[in-house]
Amino acid sequence: MKKVLCSRDQVNLKCVLLGGQSFRWKETDPDEYSGVFAGGFWVLKQNDDHIAYKRVPATDLDEKMLSNYLRMDEPLDAYYKEWSICDPIFKKSAERFKGIRMLKQEPVENILSFICSSNNNITRISSMVEKMCTLYGKKIDGTNYYAFPSIETLIGQEVEDDLKAAKFGYRAKFIRQTAEKMFELGSNIWIDKLRNMNYDSAKKELMLLPGVGPKVADCICLMSLEHLEAVPVDTHVFQIARDNYLPHLKKYKTVTQPVYNEIGDCFRKIFKKNAGWAHTVLFLDDLKNFKQLEKHDDSSNGKPVAKRKKKY
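Since the model is a prediction, treat every value here as computed from it, not as a measurement.

Draft legend 1. Highlighting the overall build of the protein. Summing up its helical and strand segments, the protein has 15 helices and five strands in all. Looking at the protein as a whole, 52% of its 312 residues are labelled buried. Within the protein, residue pairs in contact and separated by at least 24 positions form 65% of the contacts whose partners lie at least 6 positions apart. Just so you have it, the protein exposes about 14500 Å², and 51% of that area is on carbon and sulfur atoms. A distance of 5 Å separates the average location of the 50 positive side-chain charges in the protein from that of its 42 negative side-chain charges.

Draft legend 2. Layout of the layout of surface pockets. Estimated volume of the largest pocket: approximately 350 Å³. Around the largest pocket sit 19 residues that line it, and Phe23, Arg24, Trp25, Lys26 and Ser126 are the ones nearest its centre. Broken down by secondary-structure element, the contributors of at least two residues to the lining of the largest pocket are α1 (13-18), β2 (25-29), β3 (32-37) and α6 (122-136). It is α6 that contributes the most residues to the lining of the largest pocket, five residues altogether.

Draft legend 3. Local environment of the sheet that holds β2. The strand order β1-β5-β4-β3-β2 describes an open sheet built from five strands, whose pairing is antiparallel. Each having just a single partner strand, β1 (2-5) and β2 make up the two edges of the open sheet. Shown here is a sheet whose adjacent strand axes are inclined to one another by a mean of 30°, direction ignored. As judged from the four bridges shared by β1 and strand β5 (residues 50-56), these two strands associate in the antiparallel manner. Its bridge partner being in β5, Lys2 is matched across the sheet by Tyr53. Sheet contacts for helix α2 (residues 62-69): β1, β2, β3, β4 (40-46) and β5; angle to β5, the most-contacted strand, approximately 115°.

Draft legend 4. The arrangement of helix α4 (residues 88-96) in detail. The set of residues buried in α4 consists of Phe90, Ser93 and Ala94. Around the axis of α4, the buried residues are gathered within 105° of arc, so they sit on the same side. Residues of α4 that are exposed and point more than 90 degrees away from the buried face comprise Pro88, Lys92 and Glu95. Against the buried residues of α4 lie α3 (76-86), α13 (257-271) and α14 (275-287). N-cap assignment for α4: the residue whose side-chain oxygen lies 3.2 Å from the backbone N of Ile89 is Asp87.

Draft legend 5. How the structure looks around helix α5 (residues 107-116). α5 sits mainly inside the fold: 10 of its 10 residues count as buried. If you check which residues of α5 are buried, you get Pro107, Val108, Glu109, Asn110, Ile111, Leu112, Ser113, Phe114, Ile115 and Cys116. Tucked into the core, α5 has its buried residues touching α6, α8 (171-185), α9 (188-196), α10 (199-206) and α11 (214-224). Put simply, Glu106 is the residue that caps the front of α5, since its side-chain oxygen is 3.1 Å from the backbone nitrogen of Val108.

Draft legend 6. Structural view of the pairing of β3. Of all six residues making up β3, six are buried, and the element is well covered by its neighbours. Residues Glu32, Ser34 and Val36 of β3 are buried on one face, and the alternating residues Tyr33, Gly35 and Phe37, pointing to the opposite face, are buried as well. Pairing between β2 and β3: four bridges, direction antiparallel. Paired with Trp25 across the bridge in β3 is Gly35. The turn linking β2 back onto β3 is made up of two residues, and Asp31 within it adopts a positive phi angle of 65°. As defined by bridge partners, β3 adjoins β4 across six bridges and the pair is classed as antiparallel. Paired with Val36 across the strands is Phe41, a residue of β4.

Draft legend 7. Region of the structure containing the packing of aromatic side chains. All told, the structure shown has 17 aromatic pairs when counted by the stated rule. On the basis of an interplanar angle of 15° and a centroid distance of 4.3 Å, the ring pair of Phe41 and Tyr145 is categorised as stacked. Taken together, the residues Phe41 in strand β4 and Tyr145 in the loop between α6 and α7 (157-165) connect sequence positions 104 residues apart. Overall, the relative accessible area of 12% leaves Phe41 in the buried class. Among the residues examined, Tyr145 registers a relative accessible area of 35% and is labelled partly exposed. Ring centres 5.2 Å apart and planes at 75° place the aromatic pair Tyr79 and Trp277 in the edge-to-face group. A residue pair is termed long-range when its members are at least 10 positions apart, and Tyr79 in helix α3 and Trp277 in helix α14 qualify at 198 residues.

Draft legend 8. Inspection of the side chain of Glu109 at higher detail. Mapped onto the elements of the fold, Glu109 is located in helix α5. In this structure, Glu109 is buried with no salt-bridge partner, the nearest side chain bearing the opposite charge being Arg24 at 4.7 Å. In contact with Glu109, other than residues within four places in its own chain, are Arg24 and Phe148.

Definitions and limits used
Residues numbered from 1 in each chain as written. Predicted model: local features only at pLDDT ≥ 70, side-chain atom pairs only at ≥ 80, totals over all residues. Heavy atoms only, no water. Helix = DSSP H or I, 4+ residues; strand = E, 2+ residues; numbered from the N terminus. Buried < 20%, exposed > 50% of the residue type's maximum accessible area, 1.4 Å probe, protein only. Contact = heavy atoms within 4.5 Å. Areas by Shrake-Rupley, 256 points an atom, 1.4 Å probe, with all protein chains shown as cover. Lys, Arg positive; Asp, Glu negative; His and termini not counted. Charge placed at Lys NZ, Arg CZ, Asp CG, Glu CD. 1 Å grid on protein atoms, 1.4 Å probe; cavity = no way out; pocket = protein on both sides within 12 Å on 5 of 7 lines; lining within 4 Å. Points joined across faces, edges and corners; volume = space filled by probe spheres on them. Pairing = 2+ DSSP bridges. Axes fitted to C-alpha atoms, helices over the stretch in contact; angles between N-to-C directions. Arc of directions from axis to C-beta. Polar contact = N/O pair within 3.5 Å; in protein donor to acceptor, adjacent residues only side chain to side chain. Phe/Tyr/Trp six-rings, centres within 6.5 Å; stacked < 30°, edge-to-face > 60°. Salt bridge = Lys/Arg side-chain N within 4 Å of Asp/Glu carboxyl O.

Written out as structure tokens, the structure is:
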């Protein structure tokens, strides 16, 4: 395996890869993670002073691809220092959760994976994404893994029928319709336009896609479109905001659209242009209180449950 110098405080692979950003990673051994991105199968091994890595098939650009994927050129220490000065609550979370980075993901995969995330948990989302890749993705040479499908391969009624047979439920229709809509809009040309739009405009465009509401749109903006001020608000983030920043939200039982917008604006006011990244650290810190909840979710007789729950 090759290696790239990097301490655990700079990249915490467990939290970054298994924390609900991507659904194609598994911990295959202690501190070792296997997954697919950039058209290849990767094995990453966390060490105290470096990350050992292997890509199949190997290329001369492996280190560059990994560095780009993990945003290793971003000054994380400076970000943490800035956010800690802005917010004493963040400072406490930062001491417990170092090395949290935002993955730089491929937008098509990000969009369609998060359509699968609706009313779901990480285990089931991961299974669905793998099934979609197996059915429609290109097999990666030298492995038993598949790259994420192209937009074109997910167009047509037969795709929806196949996904329904694979127990995707109502998400099957959304995946087929979204693939068709993205193709109609120009596929990668349209995606490039989203990157170059301001955050609010990109979010509105994404919400024109079937199955993409405000939270999923914010996940996509944050994780693959370079709009790092996007703040996805779920139950955990609502609780963080209610308990620490916006106590008047205690009168609300659910996250209404005005509440959703207020929470996002609150984080953006505190953390500025990288608010979504900072919020992810707070989110992961909050998840440690839900260790038993994931176990309960996975034995819930198949009923849908809230997404983005994971043990650490």
